[in-house]
Amino acid sequence: GNIGYWHGNDDSVTWRVDVERDGRFDIYLDFACDDNSSGNHFRLDGLDTVIRGEVPATGGWNRYRSRLIGTTMLRAGKFVVSIRSNEPLRRKALFDLRELRLSYS
């Protein structure tokens with residue numbers, strides 16, 4: 001139920017997104033991160049701006065949290081969105097990702 005084992009600096013995941021109408025979107029990640037791996041940085045590409053953030057601990061690899069990571073404006077159409085490490089991993093793994101959600105805000 002997740003995309004895990006993000007141990008390599010080149011690990012990434014890509015989605016095709018079809019936006020039905022122009023709008024403002026809140027962007028959420030649903031993820032888990034052990035205390036020993038927190039502090040790595042991610043980047044989300046493919047939107048109007050690159051969104052970067054630091055991965056906080058959630059209390060373990062089986063404790064998922066949903067977190068608002070940014071807001072963006074999108075026009076109707078098809079996009080390719082990807083997420084990956086923003087820099088070489090300093091601590092064990094990036095996170096276990098269960099969901100990337102774009103919600104009209």
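The preceding data block contains the structure.
For the structure given in this document, a descriptive report is provided here. (Residues numbered from 1 in each chain as written. Predicted model: local features only at pLDDT ≥ 70, side-chain atom pairs only at ≥ 80, totals over all residues. Heavy atoms only, no water.)

**Overview of the sheet that holds strand β1 (residues 12-19)**
At step 1: Taking strand neighbours across the sheet as the criterion, the four strands line up as β1-β6-β3-β4 in an open arrangement whose pairing is antiparallel. Every interior strand has two partners, whereas the edge strands, β1 and β4 (51-54), have only one. Sheet twist, expressed as the average angle between the axes of neighbouring strands with direction ignored, equals 20 degrees.
At step 2: As paired strands, β1 and strand β6 (residues 77-85) are joined by eight bridges and run antiparallel to one another. Directly across from V17, in β6, lies its bridge partner F79. (Pairing = 2+ DSSP bridges. Helix = DSSP H or I, 4+ residues; strand = E, 2+ residues; numbered from the N terminus. Axes fitted to C-alpha atoms, helices over the stretch in contact; angles between N-to-C directions.)

**Some thoughts on the nonpolar core**
Generally speaking, nonpolar side chains in soluble globular proteins are found buried as a group.
At step 1: Ranked by size, the top nonpolar core spans 23 residues in total, and within it L29, F42, L44, I83, F95 and L97 carry the most contacts.
At step 2: Elements supplying a minimum of two residues to this core: β1, β2 (23-33), β3 (41-45), β5 (60-74), β6 and β7 (96-104).
At step 3: Among the elements that make up this core, the one with the highest residue count is β2 (five residues). (Core = buried A, V, L, I, M, F, W, Y, C linked by side-chain atoms within 4.5 Å. Buried < 20%, exposed > 50% of the residue type's maximum accessible area, 1.4 Å probe, protein only.)

**A look at the packing of aromatic side chains**
Aromatic ring pairs are reported here in terms of the distance separating the ring centres and the angle at which the planes meet.
At step 1: Scanning the model with the defined rule gives four aromatic pairs in all.
At step 2: Judged by centre distance (5.2 Å) and plane angle (70 degrees), the rings of W6 and F95 are edge-to-face. Pair noted here: W6 is in the segment before β1 and F95 is in the loop between β6 and β7, with a separation of 89 residues, a long-range link. With respect to burial, W6 and F95 carry one shared label: buried.
At step 3: Here the aromatic rings of F31 and F95 are separated by 6.1 Å at their centres, their planes lie at 40 degrees, and the arrangement is tilted. Highlighted residues: F31 in strand β2 and F95 in the loop between β6 and β7, separated in sequence by 64 residues.
At step 4: Judged by relative accessible area, which is 1%, F95 ranks as buried. (Phe/Tyr/Trp six-rings, centres within 6.5 Å; stacked < 30°, edge-to-face > 60°.)

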